[in-house]
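Each chain is listed here by its residues.
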Number of protein chains: 2
Amino acid sequence: MSLSSLLRHMGRPPLRIVLWDGEEIYGSDDPPIASIRIHDRRTLWKLLCNPEVQFGDGYSAGRIEVEGDLVALIESLFKATGQSTRHNPRAALLPDWYRSLSSFVLGKLQRNSIRGSRKNIHYHYDLGNDFYKLWLDSQLVYTCAYFPTPADSLEQAQIAKMDHVCRKLQLQPGETVVEAGCGWGALALHMARYYGVSVKAFNISREQISYARQRAREENLSGKVEFIEDDYRNLSGRFDVFASVGMLEHVGREHYEELGNVMDRCLGDSGRGFLHFIGRDSELPLNAWARKRIFPGAYPPTLGQVMKIFEPRNLSVLDVENLRLHYAKTLEHWLERFERSADLVEYMFDRDFVRAWRLYLAGSVAGFRTGWLQLFQVTFARSACNEIAWTRAHLYQTTERELSVNSSVMHHQSRS
Amino acid sequence: MSLSSLLRHMGRPPLRIVLWDGEEIYGSDDPPIASIRIHDRRTLWKLLCNPEVQFGDGYSAGRIEVEGDLVALIESLFKATGQSTRHNPRAALLPDWYRSLSSFVLGKLQRNSIRGSRKNIHYHYDLGNDFYKLWLDSQLVYTCAYFPTPADSLEQAQIAKMDHVCRKLQLQPGETVVEAGCGWGALALHMARYYGVSVKAFNISREQISYARQRAREENLSGKVEFIEDDYRNLSGRFDVFASVGMLEHVGREHYEELGNVMDRCLGDSGRGFLHFIGRDSELPLNAWARKRIFPGAYPPTLGQVMKIFEPRNLSVLDVENLRLHYAKTLEHWLERFERSADLVEYMFDRDFVRAWRLYLAGSVAGFRTGWLQLFQVTFARSACNEIAWTRAHLYQTTERELSVNSSVMHHQSRS
């Protein structure tokens, strides 16, 4: 495939490619949004063979450079590809046989068995808490935030997200919650502190669990929140509520049955639950580069695929909310903070790592902005349970506590 | 099968069966919620052969009578059956082969081809507007209402439902809407009057369309709302919005592909839409009696089945709301009004008709109360469309107009 036929195949994105010898190729007649500079023939050749992986690898290694707005460039690629594959989204960029083969091979290498999951999760989440502290919010919430208005700060929006989740679950003091995949523990601690529930929170990332335990001790919440370093498949006991925020995308399609059985076992006859996850509008694997270099074993499911978890188990979907644009906004905050700490990240890791993570964050902003990725929150309960919210109006009434939290966050920010 | 083994198979519902000779059989050791009186041996024999259809037919003909609360009785049947089939809901009441065979035969007889749909819809919706005026609200809205609080009147709740739909769709003055399956036209007229949009509304029920046209003329809305007596599959043109309230359950699974193509064709690149329908938590045909005697061709889908309409078509689900308990409440109002007019209905039709419709309405209350039936509202837009609501808070802010409409409804009610 030549570069111009690749660009045609990709739906003629409005960009300029500059080769090592100064040759310029334009994707379309429109003025280019940004330029891609390819430094040598070998890089071009690899890009033509496997654009999805090699663009990322070439960019990370500095053999491909982008002049102009990286997010806008990737957005234009997604948009052009989306239009050219409008009626056949699976055909994007790569031939089907290649897609199937690489999915199969990656799937084998990255399988989410109990041992495989530990390896996959360690790869991403155990990069060191100090790294994540550089660009996440102060509570290290590494999932989509909820911005009551787009102007809210990231700190406010992560607190608002945790309240949004707790309200959707209608948590009552004294209830028991099990959380599958708890990150650095912010949600579990928030639930216990402000909603008076007891939480058992599971995670297989060692670094995250030890951080969460320390926070619980420091905040005198160890009696209410137990952080357990174990796989969600090993959780046992009965709970009023099952909650999982940002884990489903790491579970893998072939394990939904197991996850459903775990939920079923935990919930008894009147339980309720909540799943928050990155999803898709149609079935498509995660970008191959991201799966290879950033999130091994990850797969964003469609709602249809997720319904298979609920349908055989007397579980009733009460509410689905798509927060796609909130994730684009969250990622804009992360990317901005990341760029401010880029020198420090380079010192902690290396230049290629900075470039890879820049590409991952920018690509994710673009993915959510263009609708290539979705963020679904699903609230559910046992089919026969009538102790469910009459309307959703209660989600939109701000309490005194939230107002004071917000004003203290703003106060804290204006001081710092 | 004997009567007591039938009761065991049904999960031991707490009821008493009294036979023609005075013999009494108890479903369980608990005090019975109600009594079922079976008047003759032939009726019992039929009931044992095919309980799902023959209970309804026997009740309609007065050969089976219920002493006590009919809704509570059916609820107890659903609950007991639900528990006995907890891990195998398809096995409820009838053997699988019987279920498959009768589904196949009914499916053939009631197929939702363009001609078949006309027959199926005519059967239920063309019983005469005078009949429906006896027990629906004043605007003849024959779908689930939305009660901001459970104490709201049916009139208020149907208006609130129409506003809830219009807000979910974020209708803007001057936009164009196509409505598939418009009933007596209340929603189309509401959209045009209060949200300033132009509506093309399709329906194959002759009686409903002629009523809707007359209302449009009387209310000087004929220039804004066009009522078209035709099948949704024949609609053409481009619209900003596709809306359908209470039609999907009559479309039939085998026609979702066609419906999806119609939506795709109508919406262009930036359209949005709304589906409101009776659904299920797991795949199961509608009760065989209801399908045979009340709603030929009807099938309430699961969310997973409905997702197949969206997934291949670049359509993004933004919001799903389950209003199951609101439909139970709506049906309680309908049943109460129906009972108040039972004599008049018997005069218009006959005693068997009154009994059949009483059973259908009571059974539906029980179905929604026990979670055998669900009511889903799904809001969607093209995957790439970013002109979507930032949050759902706007759905829960009551406008001045709604407040005044509500107070005038209350005023009207207190006068009448």
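Everything here concerns the structure above.
Source: prediction; values computed, not measured.

Trainee: I tried to follow the interface of chain A and chain B on my own but got confused; where do I start?
Mentor: Note on interface size: it is often stated as the accessible area lost on association of the parts. Residue-level contacts link 50 residues of chain A with 50 residues of chain B. For the pairing of chain A and chain B, the buried interface totals around 3,800 Å² over both sides, and the portion due to carbon and sulfur atoms is 46%. At the boundary of chain A and chain B, one finds four salt bridges. Asp319 of chain B is paired through a salt bridge with Arg392 of chain A; the nearest N and O atoms lie 2.8 Å apart. Linking chain A with chain B are 33 residue pairs in polar contact (both at pLDDT 80 or more). Mapped by element, the contributors of at least two residues to the side of chain A that touches chain B are α14 (303-310), β10 (315-322), α15 (324-340) and β11 (374-382) of chain A.

Trainee: Help me understand the packing of aromatic side chains in this model?
Mentor: Working definition: an aromatic ring pair is given by the centre-to-centre distance plus the angle between the planes. According to the stated counting rule, one finds 51 aromatic pairs over all chains in the structure shown. Look at Phe353 of chain A and Trp357 of chain A: their rings are 5.5 Å apart centre to centre, the planes differ by 20°, and that puts the pair in the stacked class. Of the two residues, Phe353 of chain A and Trp357 of chain A are both situated in helix α17 (residues 351-369); the distance of four residues between them amounts to about one turn of the helix. In this arrangement the basic side chain of Arg253 of chain A is found over the ring face of Tyr299 of chain A, its NZ or CZ atom lying 4.0 Å from the centre. The residue whose ring lies beneath Arg355 of chain B is Tyr59 of chain B, and the NZ or CZ to ring-centre distance is 4.3 Å.

Trainee: Explain the sheet that holds strand β3 (residues 34-38) of chain A here, please?
Mentor: Note: strands within a sheet are paired through backbone hydrogen bonds, in either parallel or antiparallel orientation. Residue and element names in this part refer to chain A. Here we have four strands laid out as an open sheet, ordered β2-β1-β3-β4, and mixed in their pairing. Unpaired on one side and paired on the other, β2 (24-26) and β4 (64-68) mark the two borders of the sheet. For this sheet the average axis-to-axis angle between neighbouring strands, irrespective of direction, equals 20°. One ladder, built from three bridges, connects strand β1 (residues 16-18) with β3; its direction is parallel. Pairing of Val18 across the sheet is with Arg37, part of β3.

Trainee: Could you clarify how one ought to interpret helix α9 (residues 186-195) of chain A in this entry?
Mentor: Spacing of three or four residues puts side chains on the same side of an α-helix, whose turn is 3.6 residues. Most of α9 of chain A is tucked away: eight of the ten residues are buried. Every buried residue belonging to α9 of chain A is among Ala186, Leu187, Ala188, Leu189, His190, Met191, Ala192 and Tyr195 of chain A, and all of these are buried.

Trainee: Can you walk me through the relation of the copies chain A and chain B in this structure?
Mentor: These two copies of the chain differ by a rotation about an axis and a displacement along the same axis. Screw-axis analysis of chain A against chain B gives a translation of 0.0 Å along the axis, an RMSD of 0.0 Å, and a rotation angle of 180°. Look at the turn and shift together and you get a two-fold axis relating the two. Here 100% of the interface residues in chain A have copies in chain B that are interface residues too; the copies meet face to matching face.

Trainee: Just to check I follow, could you spell out the pairing of strand β10 (residues 315-322) of chain B for this structure?
Mentor: As a general feature of sheets, a regular strand has side chains that alternate between the two faces. Counting buried positions over the eight residues of β10 of chain B gives eight, a clear majority of the element. Pairing between β10 of chain A and β10 of chain B: three bridges, direction antiparallel. Residue pairing for β10 of chain B: Asp319 of chain A is matched across the bridge by Glu321 of chain B. Sheet topology places β10 of chain B next to strand β11 (residues 374-382) of chain B; seven bridges connect them, and they run antiparallel. Its bridge partner lying in β11 of chain B, Asp319 of chain B is registered against Thr379 of chain B.

Trainee: Would you explain a nonpolar patch on the surface in this entry?
Mentor: Residues Leu344, Tyr347 and Met348 of chain A make up a contiguous nonpolar surface patch of roughly 360 Å² in combined accessible area. Secondary-structure assignment places Met348 of chain A in helix α16 (residues 342-348).

Criteria and thresholds
- Residues numbered from 1 in each chain as written.
- Chains lettered and ligands numbered in written order.
- Predicted model: local features only at pLDDT ≥ 70, side-chain atom pairs only at ≥ 80, totals over all residues.
- Heavy atoms only, no water.
- Contact = heavy atoms within 4.5 Å.
- Buried area = accessible area lost by both parts, 1.4 Å probe.
- Salt bridge = Lys/Arg side-chain N within 4 Å of Asp/Glu carboxyl O.
- Polar contact = N/O pair within 3.5 Å; in protein donor to acceptor, adjacent residues only side chain to side chain.
- Helix = DSSP H or I, 4+ residues; strand = E, 2+ residues; numbered from the N terminus.
- Phe/Tyr/Trp six-rings, centres within 6.5 Å; stacked < 30°, edge-to-face > 60°.
- Lys NZ or Arg CZ within 6 Å of the ring centre and 35° of its normal.
- Pairing = 2+ DSSP bridges.
- Axes fitted to C-alpha atoms, helices over the stretch in contact; angles between N-to-C directions.
- Buried < 20%, exposed > 50% of the residue type's maximum accessible area, 1.4 Å probe, protein only.
- Least-squares fit on C-alpha atoms with pLDDT ≥ 70 in both.
- Patch = residues over 30% accessible without salt bridge, like charges linked within 9 Å, V, L, I, M, F, W, Y side chains within 5 Å.
- Areas by Shrake-Rupley, 256 points an atom, 1.4 Å probe, with all protein chains shown as cover.

Geometry only, nothing functional implied.
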